[in-house]
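The lines below spell out each chain.
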Amino acid sequence: MPDKGGGRWRRGAFFLALPSFVVFIGLGFVPLALVATWSLWSFDPDTYWIKPVWSLASYAALLNSGRAAVLLQTAGLAALTATVCTLLAVPAASLIGLLSGPRRAALLVALFTIPFFTSGLVRAFAWRLVLGREGIINKALIGLGVVDAPVEWLLFSAFAVVLGMVAAHLPLAIVPIALAFARIESSVIRASQDLGAGFWTTFSSIVLPLIMPGVLAGFLFVFVVAIGASMEIQLLGGAGASSIAIMINDVMRVVNFPLAFAIATAVSVVSILVIIVADRALKLSRFFEDRSA
């Protein structure tokens, strides 16, 4: 007999999700489609506006004037930030998922998300006060006799940028891994302990494979957000630092909209491809499977 109850449930779920789906299409997909379309239009230098003449000139310009180097540099910086965040998030999420009760876990997750309650501009500028020549770290190093002069590379360097971006985006990596820990049945860990396995054996052979979808999701969350970051790079990287967001802003200042749209489209396509490849390789979809089934 057909499962009428299941059919009604699916129809109800569909109508419940329909408004959110319509909003997603209207505010998410449609703007991206328009940006991709306009990136194929031409820039008219006489009117400083775009005209509906199809052209790949904007995409060809991505390889000129050092733009390709900025794209690769920003992608590498985002990957490094995501890697560091993931390496720090795994032990933090382990503390939340394995060593804390439900109330303490909720409190720890809330504490890790505190950076999101303050302005990104304030957070980035605060690092300048910490890392600068007259900052806390340099004063401490000089006071302890470790160095005789302020350490110059602490600020306006790749180190400062990565530090600021890791501090800003770390919660994005912790939360999915903590959710992955919450999906692990405690009986699985107890069974491993009953069989004589130690903590590291249980963690490496049982826990880590089960939380890998969360680890991958955290990495991708940080990577996608970091690849579009500009605030930390501008405030902590110095005057010569650049990124994809800064490059788009510079292009928009000269109203070359097709080139700006082409940069945004290329970054969006690469990000989507990274997510698809990661899902195929590491089965990100397991994060949404029902383990109780």
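Since the model is a prediction, treat every value here as computed from it, not as a measurement.

A few points about the packing of aromatic side chains
Within this structure, the stated rule accounts for 6 aromatic pairs. A centroid spacing of 5.7 Å and a plane angle of 35° characterise the contact between Trp 38 and Phe 261, whose relative ring orientation is tilted. Here Trp 38, found in helix α1 (residues 4-38), pairs with Phe 261, found in helix α12 (residues 257-282); they are 223 residues apart in sequence, far enough to count as distant. Given the relative accessible area of 30%, Trp 38 is considered partly exposed. Here the aromatic rings of Trp 49 and Phe 257 are separated by 5.3 Å at their centres, their planes lie at 75°, and the arrangement is edge-to-face. Linking Trp 49 in strand β2 (residues 49-51) with Phe 257 in helix α12, this pair joins segments that are 208 residues apart in sequence.

Some details on the environment of Met 231
Secondary-structure assignment places Met 231 in helix α10 (residues 231-236). Note: C-alpha distance between Met 231 and Leu 121 (110 residues apart in sequence) is 6.8 Å. Apart from residues no more than four positions distant in its own chain, Met 231 is found in contact with Gly 120, Leu 121 and Ala 124.

Structural notes on the pattern of salt bridges
Two side chains of opposite charge can pair, provided their charged atoms sit close to one another. Tallying each qualifying case throughout the model produces 2 salt bridges. Two residues, Arg 133 and Glu 152, come together in a salt bridge whose shortest N-O distance is 2.0 Å. Taken together, the positions of Arg 133 in the loop between α5 (120-131) and α6 (136-143) and Glu 152 in the loop between α6 and α7 (158-182) put the pair 19 residues apart, joining distant regions of the chain. Note on Arg 133: relative accessible area 46%, which makes it partly exposed. Glu 152 gets classed as partly exposed once you look at its relative accessible area, which sits at 48%. A salt bridge links Asp 250 to Arg 253, with the shortest nitrogen-to-oxygen separation between them at 3.9 Å. With Asp 250 and Arg 253 both in helix α11 (residues 244-253), this residue pair falls 3 residues apart, about one helical turn. Asp 250 gets classed as partly exposed once you look at its relative accessible area, which sits at 38%.

The rules behind the values
Residues numbered from 1 in each chain as written. Predicted model: local features only at pLDDT ≥ 70, side-chain atom pairs only at ≥ 80, totals over all residues. Heavy atoms only, no water. Phe/Tyr/Trp six-rings, centres within 6.5 Å; stacked < 30°, edge-to-face > 60°. Helix = DSSP H or I, 4+ residues; strand = E, 2+ residues; numbered from the N terminus. Buried < 20%, exposed > 50% of the residue type's maximum accessible area, 1.4 Å probe, protein only. Contact = heavy atoms within 4.5 Å. Salt bridge = Lys/Arg side-chain N within 4 Å of Asp/Glu carboxyl O.

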